[in-house]
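Chain by chain, the residues run as shown.
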Amino acid sequence: MPDKQVIRGDALPNIPWEDRPEGCSDVVWRSSRNPIIPRDAIPASNSIFNSAVVPFGDGFAGVFRCDDKSRQMQLHVGHSNDGITWDINPDRIEFLCNDPEIGQFQYGYDPRVCWFEDRYYVTWCNGYHGPTIGIAHTTDFVNFHQLENAFLPYNRNGVMFPRKIDGKYAMLSRPSDRGHTPFGDIYYSESPDLCHWGRHRFVMGTASGWQSTKIGAGPIPIETEEGWLLIYHGVLTSCNGFVYSYGAVLLDLDEPWRVLHRTKPYLLSPQTIYECVGDTPNVVFPCAALVDAPTGRISIYYGAADTVTCMAHTQVDDLIEFIKANRME
Ligand code: BMA
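Figured I'd write up the structure that's included with this text. (Residues numbered from 1 in each chain as written. Predicted model: local features only at pLDDT ≥ 70, side-chain atom pairs only at ≥ 80, totals over all residues. Heavy atoms only, no water.)

Structural notes on the overall build of the protein chain
Test applied: Starting at the N terminus, helices and strands are each numbered in turn, a helix being any DSSP run of H or I of at least four residues and a strand any DSSP run of E of at least two. This radius of gyration counts C-alpha atoms alone. The globule rule is 2.2 Å times how many residues there are, raised to the power 0.38. Buried residues are those whose accessible area, probed at 1.4 Å on protein chains only, stays under 20% of the maximum for their type, while exposed residues exceed 50% and partly exposed ones sit between those limits. Accessible surface area values rest on a Shrake-Rupley calculation with a 1.4 Å probe, where residue burial reflects the displayed protein chains alone.
Summing up its helical and strand segments, the protein chain has 3 helices and 21 strands in all. Against the globule reference of 20 Å for 329 residues, the protein chain gives a C-alpha radius of gyration of 18 Å, in line with a compact fold. Projecting the C-alpha coordinates of the protein chain onto the three principal axes gives extents of approximately 50 × 45 × 45 Å. Relative to its 329 residues, the protein chain shows a buried fraction of 57%. In the form shown here, the protein chain has an accessible surface area of approximately 13,600 Å², with 49% of it arising from carbon and sulfur atoms.

Quick look at the structure:
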């Protein structure tokens, strides 16, 4: 147990965890059980990836991106006792919405789930004349109440902060255009009521190498003594197409659009067979992290090759030291 607790948060003694394998010096290491969720965990799925999980009851719950066999992008609920073996509901989530204009489901992908005060908020890439950020809340993972979309199309990677900042709800997002855009920077927006979003601030843009084409926020930011720890994905355009890796950044606690330290090298890039081979080769895409504050353990859930769901682990002190030692100037 570290002497000083760096993460501001709760204990999660049942966090799914594996120690760093002997001989491995990487700051983030893969689960030996990867991929933890196969592409065909429910009969209708073509692939299950880019999904979000949280502690729930004595175990875990989550919202899973399940592309079906007609290749429609759907969101499904899942439950697990250990965070590794998941029981995914074969029926997709039917969001409850007072306004059919907003509630008519076109498609949903890349969900994030954020515990906030007394309920879970789901944000996802929601089809409304192009992708934008949908928001819904639930307390039971049965009924999901859909709110207004946060932004105009086109936008992706909407990630809420787990508490108010300066008295307002806060969200990161990545304005873009239709399809697989060749650009994209991370912005910060705030809202008094989860309906009206504004005071948009630029957080960070692309940088060299693995994050040179576009970037997008990943799991819900983790509050630490050193700032908000944000794991994010970055994309490089290779002669063989896009390559998705992930890195991390520390953002100012009071003004999270201010970058304190940002990694120059990636933390994890597609290197294993299940990350390099699948419907979209060479993709690792993190959407969630479980955290045990007293031990500083962090378990990251990420999609691999747009096909399966995987897990990786890191320890917060080592990760923060790595970010500082390998920061972009
Ligand atoms: C992004 C999103 C992700 C996907 C990635 C790689 O634009 O569509 O869902 O994992 O591309 O294909």
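Now, onward.
Some thoughts on the sheet that holds strand S11 (residues 169-175)
Sheet strands pair via backbone hydrogen bonds, and the direction of the pair is either parallel or antiparallel. Put simply, the rule is: For two strands to pair, DSSP has to find at least two bridges joining them. Lines fitted to C-alpha atoms define the axes here, with helix axes fitted over just the stretch in contact, and angles between the N-to-C directions of these axes take values from 0 to 180 degrees.
As summarised here, the arrangement of the 4 strands in space is S10-S11-S12-S13, forming an open sheet in which the pairing is antiparallel. A single partner strand is all that each edge strand has here, and the edge strands are strand S10 (155-160) and strand S13 (198-204). Within this sheet the neighbouring strands show an average axis-to-axis angle of 30 degrees, counted without direction. In this sheet, strand S12 (residues 186-191) lies alongside S11 in antiparallel orientation, the contact comprising 5 bridges. Paired with Leu172 across the strands is Tyr188, a residue of S12.

So, the pairing of strand S6 (residues 108-116)
Of all 9 residues in S6, 8 are buried, a share of seventy percent or more. Sheet analysis places S6 next to strand S7 (residues 119-127), joined by 7 bridges and oriented antiparallel. Across the sheet, Tyr109 pairs through a bridge with Cys125, a residue of S7. In textbook terms, the turn of a hairpin is the stretch between consecutive antiparallel strands, and for S6 and S7 this stretch comprises 2 residues, one of which, Glu117, has a positive phi near 60 degrees.

Let's talk about the packing of aromatic side chains
What counts, and what does not: Within 6.5 Å between ring centres, the rings of Phe, Tyr and Trp (the latter by its six-membered ring) count as paired, and their orientation is classed by plane angle as stacked under 30 degrees, edge-to-face over 60, tilted in between.
Scanning the model with the defined rule gives 22 aromatic pairs in all. Pairing Phe161 with Trp228 gives two aromatic rings, centres 5.1 Å apart and planes at 80 degrees, and the pair type is edge-to-face. Here Phe161, found in the loop between S10 and S11, pairs with Trp228, found in strand S16 (residues 227-238); they are 67 residues apart in sequence, far enough to count as distant. Note on accessibility: Phe161 and Trp228 belong to one class, buried. With centroids separated by 5.1 Å and ring planes inclined at 55 degrees, the aromatic side chains of Tyr188 and Trp257 adopt a geometry described as tilted. Placement of the pair is Tyr188 in strand S12 and Trp257 in the loop between strand S17 (241-251) and strand S18 (259-262), with a sequence separation of 69 residues. Pair check on accessibility: Tyr188 and Trp257 agree, each one buried. Here a set of aromatic residues connected by ring pairs shows up, and it is made of Phe56, Phe95, Phe105, Trp115, Tyr120, Trp124, Phe141 and Phe144.

Quick word on the site of the ligand
Formally: Consider each residue's heavy atoms; a residue with any of them within 4 Å of a molecule or strand counts as near. Polar contact is defined as a pair of N or O atoms within 3.5 Å, subject to the rule that within protein one atom must be able to donate a hydrogen and the other to accept it, and that residues adjacent in sequence are counted only when both atoms are side-chain atoms.
The full set of residues close to the ligand is Asn50, Arg65, Tyr109, Asp110, His180, Tyr244, Thr280, Val283, Phe285 and Asp306. Between an oxygen atom of the ligand and a side-chain N or O atom of Asp110, the distance comes to 2.7 Å. Look at the ligand: alone it shows 310 Å² of surface, and the protein chains cover 93% of it.

Examining the pattern of salt bridges
For side chains of opposite charge, pairing can occur when their charged atoms come near one another. Rule in force here: Whenever Lys or Arg places a side-chain nitrogen within 4 Å of a carboxyl oxygen from Asp or Glu, that contact is recorded as a salt bridge.
Evaluation of the coordinates by the stated rule reveals 16 salt bridges. The partner of Arg20 in a salt bridge is Asp318, and the shortest N-O contact between them spans 3.7 Å. One end of the pair, Arg20, is in the segment before strand S1 (29-30); the other, Asp318, is in helix H3 (residues 316-325), with 298 residues separating them in the sequence. Classification of Asp318 by relative accessible area gives partly exposed; the value is 32%. Two residues, Lys324 and Glu226, come together in a salt bridge whose shortest N-O distance is 2.7 Å. Residue Lys324 is located in helix H3, and its partner Glu226 is located in the loop between strand S15 (222-224) and S16; the two are separated by 98 residues in the primary sequence. Through salt bridges with shared partners, a single ionic network connects Arg8, Arg163, Glu223 and Glu225.

Details of unusual backbone geometry
With an omega dihedral of -15 degrees, the bond running from Asn34 to Pro35 counts as a cis peptide bond. Position of Pro35 among the secondary structure elements: in the loop between S1 and strand S2 (45-56). The omega torsion across Pro153 and Tyr154 is 5 degrees, close enough to zero to call that bond cis. Along the chain, Tyr154 turns up in the loop between strand S9 (145-146) and S10.

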